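# Overview (structure and organization)
Now for the letters of each chain:
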Amino acid sequence: MRAPRRPRLVVPAALALGPGAASTAFAAGGEGHVMLAWALVGLALGVALAVGLCAWLLQGRIAAHGAWWRHALAALALLLLSSWLAWDWPWVVMLVSLGVAGWGLSRVLRLTRHMRQALDEHAHARAEARRAKADSERDALTGVLNRGAWRARLERLAEDTQQDGRPLSVLFFDIDLFKLINDSLGHQVGDDCLKAVASTVAAELRGGDILGRLGGEEFAVALPGARRIHAIAVGERVRMAVQSHCQVVGEEVVELTVSVGAAEYLGPGESFDALMDRADRAMYTAKGSGRNMVVADAATPPGAH
């Protein structure tokens, strides 16, 4: 006589056990197969939950690539089907559970790939934006900062040095007799001279010093931590470097020199326009006094030694 069957509608303990029940399921005979079936149902439901969670987290960020709720309905239908068939047809439940779980895992993998692609595209866009910003701050010919970017850096340096109690100085310099070089040798040689001076001066500066081109043949350097006397020394080093290394540019003998003006920032009471104007006037004093020299503005902050 056939033994009575177990009730079909039960609360399966294997849902809580997960795939770890597989190692003992085969040893337990028929009941073990039922336990394994329910463990696979639990796996399928867990994957369905992961798919739904991924879809919810990524909504609006990447393409959905298929409605996630279809997989959720399939998992729910599997749960209901298993309540009726797990005891009589455990192998069917196992196969269907594996199919639903595999479907869900493939969706998770696709979502992961698309998410990685979206992150890569976002990183690339940010890098392009940073590159575009950097390009907009650079002088196209010499590669140093343009006037606006140099002025912005000067203002930030002033804020930093004020907080640290450090001095700040600036140098203005331009190439002597540059118009004569342009008129006699051509604009291409003039451009090469500008590039040669920019690279020569940059090689003489410290890591924290900021070099910019203000326009034409005029350049400026911000010197954080430098007092007037130190700015004069840097200006002399710049002047001598240009005189030594810019004798020949390309195939032309040009014997470049620069006139340098130096000024020390007087503190929060002085505007940046006033600071730049003092350095500019010192530079023109150097040009009017014979060129190829350094002239410093006499003003110093109160209490400076």
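For the structure itself, look to the data block above.
How each quantity is defined
- All residue numbers here refer to positions counted from 1 along the written sequence of the relevant chain.
- A pLDDT threshold of at least 70 governs which residues receive local features in this predicted model, and a stricter bar of 80 or more applies before side-chain atom pairs are shown or counted, although totals over entire chains, interfaces and linings include all residues.
- Remark: hydrogens and water are excluded; side-chain values derive from all non-hydrogen atoms of the structure.
- Numbering goes from the N terminus for both helices and strands, where a helix is a DSSP run of H or I of at least four residues and a strand is a run of E of at least two.
- Under the scheme applied here, a residue whose accessible area is under 20% of the maximum for its type counts as buried, over 50% as exposed, and between as partly exposed, the area being computed with a 1.4 Å probe on protein chains only.
- Contacts are assigned to residue pairs with any non-hydrogen atoms lying within 4.5 Å of each other.
- Note on areas: Shrake-Rupley with a 1.4 Å probe; residue coverage comes only from the protein chains shown.
- For two strands to count as paired, DSSP must find a minimum of two bridges between them.
- To get an axis, fit a line to the C-alpha atoms, keeping to the stretch in contact for a helix; angles then go from 0 to 180 degrees between the N-to-C directions.

### Looking at the overall build of the protein
When helices and strands are counted, the protein shows ten helices and seven strands. Per-residue burial for the protein yields a buried fraction of 40% across its 305 residues. Long-range pairs, those at least 24 residues apart, make up 70% of the contacts in the protein with a sequence separation of at least 6. Only carbon and sulfur atoms are counted for the fraction: they give 60% of the accessible area of the protein, which is about 16,800 Å².

### Re the environment of M276
On the secondary structure map, M276 appears in helix α10 (residues 272-288). Among the residues examined, M276 registers a relative accessible area of 7% and is labelled buried. In this structure, M276 is in contact with R147, W150, R151, L154 and F172, ignoring residues within four places of it in sequence.

### Quick notes on the environment of V260
Topologically, V260 is positioned in strand β6 (residues 258-264). Considering only alpha carbons, one finds V260 and M283, 23 residues apart in sequence, at a separation of 5.0 Å. Once residues within four sequence positions are removed from consideration, V260 is found in contact with L171, F172, F173, G235, R239, A282, M283, A286, M293, V294 and V295.

### Let's talk about the sheet that holds strand β3 (residues 218-224)
Strand order in the open sheet formed by five strands is β2-β3-β1-β6-β7, with mixed pairing between adjacent strands. Among the strands making up the open sheet, the edge pair consists of β2 (210-215) and β7 (294-296). Sheet twist, expressed as the mean angle between neighbouring strand axes with direction ignored, is 20°. Bridge analysis of β2 against β3 gives five bridges, and the strand direction is antiparallel. Looking at the pairing, G215 lines up with E218 of β3. Lying on the sheet, helix α8 (residues 187-204) is in contact with β1 (168-175), β2, β3 and β6; it crosses β1 at an angle near 150°.

### Notes on the pairing of β1
Counting buried residues along β1, eight of its eight residues qualify, which places the element largely inside the surrounding structure. Every second residue of β1 is oriented toward a common face, with L168, V170, F172 and D174 on one face and S169, L171, F173 and I175 on the other, all of them buried. Sheet topology places β1 next to β3; seven bridges connect them, and they run antiparallel. Bridge assignment links L168 to a residue of β3, and that residue is P224. As paired elements, β1 and β6 share seven bridges and run antiparallel to each other. Residue pairing across strands places V170 opposite A263, the latter belonging to β6.

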